[in-house]
Amino acid sequence: MTIYNVLLGIFAIVLIFVRTRKFYIQYVSYALGAITGAAVMFSNSAYGLITDNADAYRSIASGSLNDLIGRMMNNYVNEIYNNAFKDNICLNIVLLLLCWMIFRALKNKENTFMLHLRRVCLAIMALYILFSFVRFDYDEEAGIFIQAMAAVPAVIAMMVFILTAAKETGDLIEVSFTAASVVCIILPLFVVTPIGGRCFVPSYIFFVLLTNELAGMLLKLKPDYEKYLGSSKKILLGMSLLCFAFYIFVCTGNYRAEKERAEYIREKAALGETEIELLHCPYETYLWRATPERIETENLRRYKLFYGIPEEITLIPVYEYTE
């Protein structure tokens, strides 16, 4: 996101200058602030260790071209595909439905080539969504690889459809910016480790913004759809409040569990015990390695350092206490 903010600041200056032939202090200030922030952040010696692959936890791809390609493929298949595409199945379906509605709205305005091109794009997107539900129980690893590869033409088809449709509605610059933002945020994740769900929150937000752009394009083509938005807004508001309540419940539960287990460890350590059980948090799928495993020596060291736990104590992860 740091690099993206720098690019965003420069892009804003260029775009506004092209449109108005003027420089505005607010855009220049934003760009200078982003550049300064990036310079300060990357001046930290920790980033030098990462660049030299001397950090025990974080690294970037290095070595031969084959090593680079191997890292990129591994990151894409095992992390990027799952977090950026496969797990967003509801959002994928909404994008497909909006694209289909835009296709119907543009159908009578298109030449034959664009009509067939967009029809093919919709077919590829729909086939991928159906294929993503297939389970390969006999060889799960091979199945994930095949589905990850199938996602590539689906994403290309979606971008082709959206950009060509945006050109028709006069929204090409706005939609191109949102689509390019997704690409800029995800691309660095091909060559760094470790990555996880938390790294894909910005790209998910931009996918949601892309959905909003498509809805705006649809209303331009079909203004009469505005009458359906009243009830839709109420439904979406209700769903948003439910999601908010759900995440409050999850985060509160994890917070309480984290405080309690840390206190439990301190009490046991004060009694002189050297092997102490570390209880898993109740909703760990929403956290990033909340409970370090015994083989994760670096995570264990950091966990102990953060909570002031003596280094000589052995933590044993469990799902319930044996006592």
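What counts and how
- Residues numbered from 1 in each chain as written.
- Predicted model: local features only at pLDDT ≥ 70, side-chain atom pairs only at ≥ 80, totals over all residues.
- Heavy atoms only, no water.
- Helix = DSSP H or I, 4+ residues; strand = E, 2+ residues; numbered from the N terminus.
- Buried < 20%, exposed > 50% of the residue type's maximum accessible area, 1.4 Å probe, protein only.
- Contact = heavy atoms within 4.5 Å.
- Lys, Arg positive; Asp, Glu negative; His and termini not counted.
- Charge placed at Lys NZ, Arg CZ, Asp CG, Glu CD.
- Axes fitted to C-alpha atoms, helices over the stretch in contact; angles between N-to-C directions.
- Parallel < 35°, antiparallel > 145°, perpendicular 65-115°, else oblique.
- Left-handed = near helix turned anticlockwise from the far one by under 90°.
- 1 Å grid on protein atoms, 1.4 Å probe; cavity = no way out; pocket = protein on both sides within 12 Å on 5 of 7 lines; lining within 4 Å.
- Points joined across faces, edges and corners; volume = space filled by probe spheres on them.
- Nonpolar A, V, L, I, M, F, W, Y, C, P; charged D, E, K, R; others polar.

J.: Break down the overall build of the protein chain for me, with residues and values.
T.: A count of helices and strands for the protein chain gives 11 helices and 4 strands. When its C-alpha atoms are laid out on the principal axes, the protein chain stretches across 80 × 50 × 45 Å. Out of the 323 residues belonging to the protein chain, those deemed buried represent 36%. Contacts spanning at least 24 positions in sequence make up 67% of the contacts within the protein chain whose residues lie at least 6 apart. When the 29 basic and 31 acidic side-chain charges of the protein chain are each reduced to a single mean position, those positions are 14 Å apart.

J.: Account for the packing of helix H5 (residues 89-106) against helix H9 (residues 201-221), with residues named and values stated.
T.: The geometry of H5 relative to H9 is characterised by a closest axis approach of 10 Å and an angle of 20 degrees between their N-to-C directions. It follows that H5 is roughly parallel to H9 by the angle criterion. Handedness of the crossing formed by H5 with H9: left-handed. Within the contact between the two elements, H5 uses Leu91, Val94, Leu95, Leu98, Cys99, Met101, Ile102, Ala105 and Leu106 and H9 uses Tyr204, Phe207, Val208, Thr211, Leu214, Ala215, Met217, Leu218 and Leu221.

J.: Can you explain empty space enclosed by the protein? Please cite residues and give values.
T.: Scanning the model with the defined rule gives 2 cavities of 30 Å³ or more in all. Its volume calculated, the largest cavity comes out at about 140 Å³. Lining of the largest cavity is provided by Phe85, Asn92, Leu95, Leu96, Met125, Tyr128, Ile129, Ala151, Ala154, Val155, Met158 and Phe207. The set of elements that each furnish at least two residues to the lining of the largest cavity consists of H5, helix H6 (112-131) and helix H7 (140-169). The class makeup of the residues in the lining of the largest cavity is 11 nonpolar, 1 polar and no charged. Lining the second largest cavity we find Ala12, Ile13, Ile16, Lys22, Phe23, Tyr24, Tyr27 and Val28. Contributions of two or more residues to the lining of the second largest cavity are made by helix H1 (2-20) and helix H2 (25-42). Residue contributions to the lining of the second largest cavity peak at 3 residues, all from H1. Within the lining of the second largest cavity, the residues separate by chemical class into 7 nonpolar, no polar and 1 charged.

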